[in-house]
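Structural overview
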Amino acid sequence: MKIRFTKMQGAGNDFVVLDAIRQTFALTTPQIRFIADRHFGIGCDQILVVEKATRPDVDFRYRIFNADGGEVEQCGNGARCFVRFVHEQGLTHKRQIRVETTSGIISPQLEATGEVTVDMGQPRFLPAEIPFISENDALVQTLVVGDTSVEISVVSMGNPHAVQVVADVDTAPVARLGPLIESHVRFPRRVNAGFMQVLDAHTVRLRVYERGAGETLACGTGACAAVVAGIRRQLLTSPVRVITRGGELTIAWNGSDSALDSVLLTGPATTVFTGEIDLPEDFK
Ligand SMILES: N[C@@H](CCC[C@H](N)C(=O)O)C(=O)O
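For clarity, every value in this text was computed on a predicted model and none was experimentally measured.

Section: the overall build of the protein
In terms of helices and strands, the protein carries four helices and 18 strands. Computed over the C-alpha atoms, the radius of gyration of the protein is 18 Å, within 12% of the 19 Å expected from 2.2 N^0.38 for a compact globule of 284 residues. Referenced to the eigenvectors of the C-alpha coordinate spread, the extents of the protein come out at roughly 50 × 40 × 35 Å. Looking at the protein residue by residue over its 284 residues, the buried ones come to 44%. The contacts in the protein between residues at least 6 apart in sequence include a share of 65% that link residues at least 24 apart.

The following block contains the structure:
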């Protein structure tokens, strides 16, 4: 089966975008892994599938798959690439669109600057909403990871995040602790592990070990979760510039624990190349 694709990136978080409106296909999990494979396939952190809306009050639906083949609820950098894709492909002329995801509706807007701002919806903090196994809903929770204890704040941006504050992201043990936190028994659906260094009240550096993809150059929902956790912990004040290894994002959140405002994510979205791929039936 041959399908056309577009390779995109937002702050270095890279995507293969597939148009399921003008072509028909059904992907198996091995085929998703093949597309994402950086040696045998195209290579990407996530695959985004653009579909027709299933309800009248939205413009499109999109599905998100991690490189490991698992379907996920939300993707911030992907949402920005999504709006650029539907514009460049002539699927809409609207600068602001409403998009269904498996965890709700998001609203990306193409700015005059070329950047994209996405209303990512409200963050959630209750352990059951993450999900996270805990007897309390404390803002800072202790997680025992192997022979180390880390202090995390849990946030759902539709998808689960565990954010810790570190002294220096360059020396933070992302490769060692990231996979252990991702698959920790207290996160029944696994988790994205964020490592945030606070530079000042409006600036952080961030690395994220993503569920189902490993460390990526940037994670949009990870940036939202880190900033929201930092604001709740009174370390940060909105808006916050998030410096990742692949680029910069801006996060604004005027909410509080009692008034859960939407989180706004702004950043770049770029098309890299387009092509056609022949999918094998039997990739493992
Ligand atoms: N890169 C994304 C997040 C993609 C999904 C994540 N790995 C998960 O499993 O929840 C972003 O920009 O938000």
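Anyway, onward from the coordinates.
Observations regarding the site of the ligand
The immediate surroundings of the ligand are formed by 19 residues, with Asn77, Asn159, Arg211, Gly220 and Thr221 found nearest. Listing elements by their share of the shell around the ligand, those giving two or more residues are helix H2 (76-88) and helix H4 (220-232). Considering every element that reaches the shell around the ligand, the biggest residue donor is H2, with three residues. Across the shell around the ligand, the residue classes tally to four nonpolar, twelve polar and three charged. Residue contributions to the shell around the ligand reach at least three from each of two domains, namely domain 1 (2-117 + 269-278) and domain 2 (127-261).

Here's the deal with the confidence of the model for the protein
Per-residue confidence for the protein gives a mean pLDDT of 96; residues scoring 70 or more make up 99%. At the low end of the mean pLDDT range in the protein sits strand E7 (residues 104-110), at 92; at the high end sits strand E13 (residues 203-210), at 99. Predicted complex metrics record ipTM = 0.99 and pTM = 0.97.

Comments concerning the domain arrangement of the protein
Accessible area lost upon the coming together of the parts serves often as the stated size of an interface. Here the protein is partitioned into domain 1 (2-117 + 269-278) and domain 2 (127-261). Using C-alpha coordinates to define each centre, domain 1 is positioned 24 Å away from domain 2. Top element by residues in the side of domain 1 that touches domain 2 is H2. It accounts for three residues. Of the residues that constitute the side of domain 1 that touches domain 2, the class distribution is five nonpolar, twelve polar and three charged.

Structural notes on the UniProt feature "binding site: substrate" (unreviewed entry) in the protein
Following the UniProt record, one finds the feature "binding site: substrate" (unreviewed entry) at Asn13, Gln46, Asn66, Gly76, Asn77, Asn159, Asn192, Glu210, Arg211, Gly220 and Thr221. Within the fold, Asn13 resides in strand E2 (residues 13-19). For Asn13, a count of 30 C-beta atoms within 10 Å translates into the label buried. Excluding residues within four positions of it along the chain, Asn13 makes contact with Asp45, Asn77, Thr216, Leu217, Ala218, Cys219, Gly220 and Gly246. Turning to its location among the elements, Asn77 is positioned in helix H2. Since 35 C-beta atoms lie within 10 Å of it, Asn77 is described here as buried. Asn77 has contacts with Gly10, Ala11, Asn13, Ala218, Gly220 and Gly267, leaving out every residue within four places of it along the chain.

Describing the UniProt feature "active site" (unreviewed entry) in the protein
Look at the UniProt record and you will see "active site" (unreviewed entry) annotated at Cys75 and Cys219. Their sequence span is 145 residues, while the largest C-alpha to C-alpha distance among them is just 7.9 Å; these annotated residues converge on one region. Along the chain, Cys75 falls in the loop between strand E5 (71-72) and H2. Not counting residues within four places of it along the chain, the set of residues in contact with Cys75 comprises Gln46, Ile64, Gly220 and Thr221. You can call Cys219 buried: it has 34 C-beta atoms within 10 Å. Contact partners of Cys219, with chain neighbours within four places excluded, come to Asn13, Asn192, Val208 and Glu210.

Thresholds, definitions, all that
- Every chain is numbered on its own, with residues counted from 1 as its sequence reads.
- Predicted model: local features are reported for residues with pLDDT of at least 70 only, side-chain atom pairs are reported and counted for 80 or more only, and whole-chain, interface and lining totals are derived from all residues.
- Strands here are runs of E lasting at least two residues and helices are runs of H or I lasting at least four, both read from the DSSP assignment and numbered beginning at the N terminus.
- The globule rule is 2.2 Å times the number of residues to the power 0.38, and the radius of gyration it is compared with is taken over C-alpha atoms.
- Put simply, a residue is buried when 20 or more other C-beta atoms lie within 10 Å of its own C-beta and exposed when 12 or fewer do; between those, it is partly exposed, and each C-beta is set from the backbone.
- This entry defines residue contacts through backbone-placed C-beta atoms, with two residues in contact when those atoms are within 7 Å.
- Each residue gets a C-beta atom placed from its backbone. If that atom is within 6 Å of a molecule or strand, the residue is near it.
- Each residue is assigned to one class: nonpolar for Ala, Val, Leu, Ile, Met, Phe, Trp, Tyr, Cys and Pro, charged for Asp, Glu, Lys and Arg, and polar for all the others, Gly among them.
- Domain boundaries shown here were taken from an automatic or database domain assignment.
- Per-residue confidence from the prediction method is given by pLDDT, with values spanning 0 to 100.
- UniProt positions are given in the numbering used here, feature names are shortened, and annotations may be inferred rather than shown by experiment.

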